[in-house]
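Here is how the chains run, residue by residue.
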Amino acid sequence: MQVFKLTEEIIEHIRELIASDQKQQLKDYLESLHFADIAEITSELELEEAAYLVSILNREKASETLTEVDEEVLEHILENLSNEEIARDLQELDTDDAAYLIADLPEERQTQILSHIEDKEHAQDIVDLLRYDDDTAGGLMAKELIKVNENWDVDTCMKEIRNQGQHVTRVHSIYVVDDNEVLKGRLSLKDLIASPQGAHIRDIYIPKVDFVFVHDTPEEVARVMQKYNLEAIPVVDKMHRLVGRITIDDIVDVIKEEAEHDYQMAAGITEDVEADDTIWKLTRARLPWLLIGMAGGIGAASIINGFQDGLTSFPTLLLFIPLIQSTAGNVGVQSSAIVVQGLANNSIDGALLGRLFKEFLLGLINGLALATLVLMMSHFVFGSSYLESATVCAALVTVIINAAVIGTFIPIFLHSRGIDPAVATGPFITTSNDILGILIYFMIAKIILGF
């Protein structure tokens, strides 16, 4: 399969066709493209152009494209579509995608749109999904699935599967429920086909089945599906009644969004932003951490100012301030990044003291290795005395150990308090370790050199 690559030439060509109202040529060109590629094209067009492009697609492709377009484009398109047109789009989609399309519309308009859907069961399923928050398993799930009753015989089961299968795009599993819709297990298609006609489902189904609760977070769902390598997972309510399923394509989106969020948090960006956002929004997202970094710099400058006498007597110490600061920041970010990743993957286990002791030893080994190199460079390259070189080395080892321990402790502490540990990486750890590193450096210098 050849991967579609969007180029400036393609965008210009499409804009020319739109400007000249060449609908048939546009249709012919778009017909060969995947709806995700069409959505990518809309992101490069003006809102009016994007709306025009979607309007000429057939209903099925238009519906699927709307689930992939940027939120701003989607909002503009929905504003320019009638309630009847949106209802026809929803009719073509699975319930989770349909609920996503109208989730941000006013409730009054949602009601009007849903009233135009001919399939009332489909409309009711969408209504059910709209009740759940976006950050829950209920907000991710679809109602389309195949379920069979444990009391059915094989013949009845096969008929029901054929009937239900008409409404399910892809069959990942067959779920087994009792008369109260409580999830009991899953059914192997192989066991179903191999069973005699008179057999009952309760005698052949597999009672072990992984599931999530409707109010679990998307991150919890992602962890379960990743751990057990699942393509789909059933969702149950508090009474363990089967209410929907979540498929892997929805979880990939969750994992991507979480990774982007953590990356931005680690870089010191306080809210989700994109490169094309307004200057004001980008400034608002970046400025808080820059102010923290500035405060850290002022704090470090104040510490250095407090040791002016020592710098006058031993000016060589000034040369190694950048080394102390950068090393402390880098070690802290390394340690915290590993811990944050472990917390995200749910792979952090064992006592906190044990992990801190492990980081202590790791910091000691790395510190001694770096200190050996610095000792030679300090004495032979910069001409420092042995006492000054020893001061720098002792401070470097201590700073590295301190940064490693802090970089490990803070994410775990934040996680235990229900705070996203990603905030511990990047500017926060760097700034705190810069200040502590400078303080440790001059305190050790004062002890050894006696100023």
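Attention in this report is confined to the structure presented alongside it. Being a predicted model, the structure only gives us computed values, none of them experimental. (Residues numbered from 1 in each chain as written. Predicted model: local features only at pLDDT ≥ 70, side-chain atom pairs only at ≥ 80, totals over all residues. Heavy atoms only, no water.)

Description of the packing of helix 8 (residues 95-102) against helix 10 (residues 120-130)
- Between helix 8 and helix 10, whose axes approach to 9 Å, the crossing angle comes to 60 degrees. In this structure, the crossing between helix 8 and helix 10 has a hand that is right-handed. Judged by residue contacts, Thr95, Asp96, Ala98, Ala99 and Ile102 of helix 8 engage His122, Asp125, Ile126, Leu129 and Leu130 from helix 10.
- When the residues that make up the contact of helix 8 with helix 10 are grouped by side-chain class, the tally is six nonpolar, two polar and two charged. (Axes fitted to C-alpha atoms, helices over the stretch in contact; angles between N-to-C directions. Helix = DSSP H or I, 4+ residues; strand = E, 2+ residues; numbered from the N terminus. Left-handed = near helix turned anticlockwise from the far one by under 90°. Contact = heavy atoms within 4.5 Å. Nonpolar A, V, L, I, M, F, W, Y, C, P; charged D, E, K, R; others polar.)

Quick notes on the pattern of salt bridges
- Within this structure, the stated rule accounts for six salt bridges.
- Residues glutamate 181 and lysine 147 are paired through a salt bridge, measuring 2.5 Å at the closest nitrogen-oxygen approach. Highlighted residues: glutamate 181 in the loop between strand 2 (174-177) and strand 3 (183-187) and lysine 147 in strand 1 (residues 146-149), separated in sequence by 34 residues.
- Judged by its relative accessible area of 28%, lysine 147 is partly exposed.
- Overlapping salt bridges, with partners in common, bring together Glu12, Arg15 and Glu49 in one network. (Salt bridge = Lys/Arg side-chain N within 4 Å of Asp/Glu carboxyl O. Buried < 20%, exposed > 50% of the residue type's maximum accessible area, 1.4 Å probe, protein only.)

Considering helix 9 (residues 107-115)
- Burial in helix 9 covers these residues: Arg109, Gln110, Ile113 and Leu114. The buried residues of helix 9 occupy an angular sector of 135 degrees when projected down its axis, which confines them to one face. Seen from the open side of helix 9, the exposed residues pointing more than 90 degrees away from its buried face are Glu108 and Thr111.
- At its buried positions, helix 9 is contacted by helix 6 (71-79), helix 7 (83-92), helix 8 and helix 10. (Arc of directions from axis to C-beta.)

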